[in-house]
Amino acid sequence: MWFPTSTRTRATTTPRASSPEDAAAEAAGAEEPRAEKIRIAGLSLWYGEARALAGVDLSIRERSVTALIGPSGCGKSTLLRTINRMNDLVSGVRIEGRVALDGQDIYAPGVEVEILRRRVGMVFQKSNPFPKSVFENVAYGPRIQGVRDRALLEEIVETSLTRAALWEEAKDRLKESALALSGGQQQRLCIARALATNPEVILMDEPASALDPLSTSRIEDLIHDLKERYTIVIVTHNMQQAARVSGRTAFLLNGDLIEEGPTDRIFTNPTRKQTEDYITGRFG
Ligand SMILES: Nc1ncnc2c1ncn2[C@@H]1O[C@H](COP(=O)(O)OP(=O)(O)O)[C@@H](O)[C@H]1O
Ligand SMILES: [Mg+2]
């Protein structure tokens, strides 16, 4: 069955709140606790001699939105890329520590990176549709996975475009070049393309920062809908956006994860001075 909903492995543990304040916020119903989907533990990363991540610990819950915030160069994109091993493509990268998906170390020997990247899809800042038709952009991943049946491909394309809130606009334009779509539509197409391989986690690196306000708000609405089904990790330099879309926020500074917790609490009552300085605009 394509798009299985019941067969998906679920983590059984619910991570404990990281502080008494967070526990109180959760108890008050500020956020429904979710099982842990991704566990990052003691994660350090070097580009050659330069350390970009320094012992990061972070628990990411399933079917929720986690925002990574922090000043430019603090390691947000690097951390995001460790979750589907996109850093493997960069030469001179060295990693220590652990990233586990559903309890399984994704850096363990024998892990098939292609399968990992299907489970953990990615959407980039600059939309990057292939110079192919709208249909073929979405059908690309399933075709690579060996789907040949035309009716099934059509179903996947429709479902993915619907979930990416693009079907109504694109259903009569499936044969047109993807490059003829507007910027905001192209970004939703890239989200549809990521959904077409049936991922569990979607990584988004500043997915709306190149878009106009209306397209941005459509993407934010979409993220809100997608979290019912997917685990989303989003990098954003826009703190209002983090506040609008995420349930939890992690603040990074110079490769250190300074503080993580329910988004409301991080923005209203941070426990660390560096977090407060950042969210009040004192640096970054
Ligand atoms: N491919 C790379 N090669 C070498 N250094 C890199 C590379 N990508 C990022 N860096 C460095 O790692 C640090 C973190 O970068 P990055 O993760 O892109 O930060 P952010 O996304 O928070 O702006 C920066 O000092 C950056 O210059
Ligand atoms: Mg970045």
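Computed from a predicted model, the values in this text were never measured in an experiment.

Asks: Mind laying out the overall build of the chain, listing which residues take part and the relevant values?
Replies: A count of helical and extended segments in the chain gives eleven helices and ten strands. Classification of the 284 residues of the chain by burial places 39% in the buried group.

Asks: Account for helix α7 (residues 183-195), naming residues and giving values.
Replies: For α7, built from 13 residues, the straight-helix expectation of 18 Å at 1.5 Å per residue is met to within 8% by its first-to-last C-alpha distance of 19 Å. Taking burial as the measure, the 13 residues of α7 include twelve buried ones, the bulk of the element. Within α7, burial applies to Gly184, Gln185, Gln186, Gln187, Arg188, Leu189, Cys190, Ile191, Ala192, Arg193, Ala194 and Leu195.

Asks: Explain the confidence of the model for the chain to me, using residue names and the numbers behind them.
Replies: Residues with a pLDDT of 70 or more make up 88% of the chain, whose mean pLDDT is 91. Low confidence marks residues 1-13, where pLDDT is under 50. Its contacts with residues over four positions away, or in another chain, come to 17 contacts.

Asks: Tell me about the nonpolar core, and name the residues and values.
Replies: Judged by nonpolar contacts, the single largest core of 62 residues is most densely connected at Leu68, Ala192, Ile202, Leu203, Ile232, Val233 and Ile234. Considering each element in turn, this core owes the most residues, six residues, to α7. Sequence-distant contacts of Leu68, that is, excluding residues within four places in its chain, are made with Lys76, Leu79, Leu80, Val233, Val235, Ala250 and Leu252.

Asks: Give a description of the environment of Leu203 that names residues and reports values.
Replies: With respect to the helices, strands and loops of the structure, Leu203 is situated in strand β7 (residues 201-205). C-alpha of Leu203 to C-alpha of Val123: the two residues are 80 residues apart in sequence and 6.1 Å apart in space. Not counting residues within four places of it along the chain, the set of residues in contact with Leu203 comprises Leu80, Ile83, Asn84, Val120, Met122 and Val233.

Asks: Could you give an account of the site of ligand 1, with specific residues and numbers?
Replies: Tyr47, Ala52, Gly70, Ser72, Gly73, Cys74, Gly75, Lys76, Ser77, Thr78 and Val90 make up every residue found near ligand 1. Per-class residue counts for the shell around ligand 1 are four nonpolar, six polar and one charged.

Asks: Lay out the sheet that holds strand β9 (residues 248-253) with the relevant residues and their values.
Replies: The sheet built from six strands is open, its strands ordered β6-β7-β8-β3-β9-β10 with mixed pairing. With one partner strand each, in any of the chains shown, β6 (120-123) and β10 (256-262) form the two edges of the open sheet. Each neighbouring strand pair of the sheet contributes to a mean axis angle of 15°, computed without reference to strand direction. For β6 and β7, the ladder comprises four bridges, and the chain directions are parallel. Looking across to β7, one finds that Val123 is bridged to Met204. With respect to the sheet, α7 is in contact with β6 and β7, its orientation differing from that of β6 by roughly 170°.

Asks: A description of the sheet that holds strand β4 (residues 93-101) should follow, citing residues and the corresponding values.
Replies: The strand order across the open sheet formed by four strands is β2-β1-β4-β5, and the pairing between neighbours is antiparallel. What marks the edges here is a single partner per strand, and that holds for β2 (50-61) and β5 (104-105). Here β4 runs beside β5; their pairing, made up of two bridges, is antiparallel. Along β5, the bridge assignment pairs Leu101 with Gln104.

Asks: Give a description of the environment of Ala178 that names residues and reports values.
Replies: Here Ala178 shows up in the loop between α6 (167-170) and α7. Expressed as a C-alpha distance, the spacing of Ala178 and Leu189, which sit eleven residues apart in the sequence, is 8.0 Å. If near-sequence neighbours (up to four positions away) are discounted, Ala178 is found in contact with Pro129, Phe130, Lys132, Ser133, Val134, Asn137, Gln186 and Leu189.

Asks: How would you sum up the packing of helix α4 (residues 134-144) against α7? Please name residues and give values.
Replies: It is at 7 Å that the axes of α4 and α7 come closest, and there the two elements cross at 30°. On the basis of their axis angle, the class for α4 and α7 is roughly parallel. Viewed along their axes, α4 and α7 form a crossing whose handedness is right-handed. When α4 is examined against α7, the residues Val134, Asn137, Val138, Tyr140 and Gly141 are found in contact with a partner set consisting of Leu189, Ala192 and Arg193.

Asks: Can you explain unusual backbone geometry? Please cite residues and give values.
Replies: At Arg85, a position not held by glycine, the phi torsion is positive, near 60°. Assignment of secondary structure puts Arg85 in the loop between α2 (76-82) and β4.

Cut-offs and rules
Residues numbered from 1 in each chain as written. Chains lettered and ligands numbered in written order. Predicted model: local features only at pLDDT ≥ 70, side-chain atom pairs only at ≥ 80, totals over all residues. Helix = DSSP H or I, 4+ residues; strand = E, 2+ residues; numbered from the N terminus. Buried ≥ 20, exposed ≤ 12 C-beta atoms within 10 Å, placed from the backbone. Expected span 1.5 Å × (residues − 1). pLDDT = per-residue confidence, 0-100. Contact = placed C-beta atoms within 7 Å. Core = buried A, V, L, I, M, F, W, Y, C linked by C-beta atoms within 7 Å. Near = placed C-beta within 6 Å. Nonpolar A, V, L, I, M, F, W, Y, C, P; charged D, E, K, R; others polar. Pairing = 2+ DSSP bridges. Axes fitted to C-alpha atoms, helices over the stretch in contact; angles between N-to-C directions. Parallel < 35°, antiparallel > 145°, perpendicular 65-115°, else oblique. Left-handed = near helix turned anticlockwise from the far one by under 90°.

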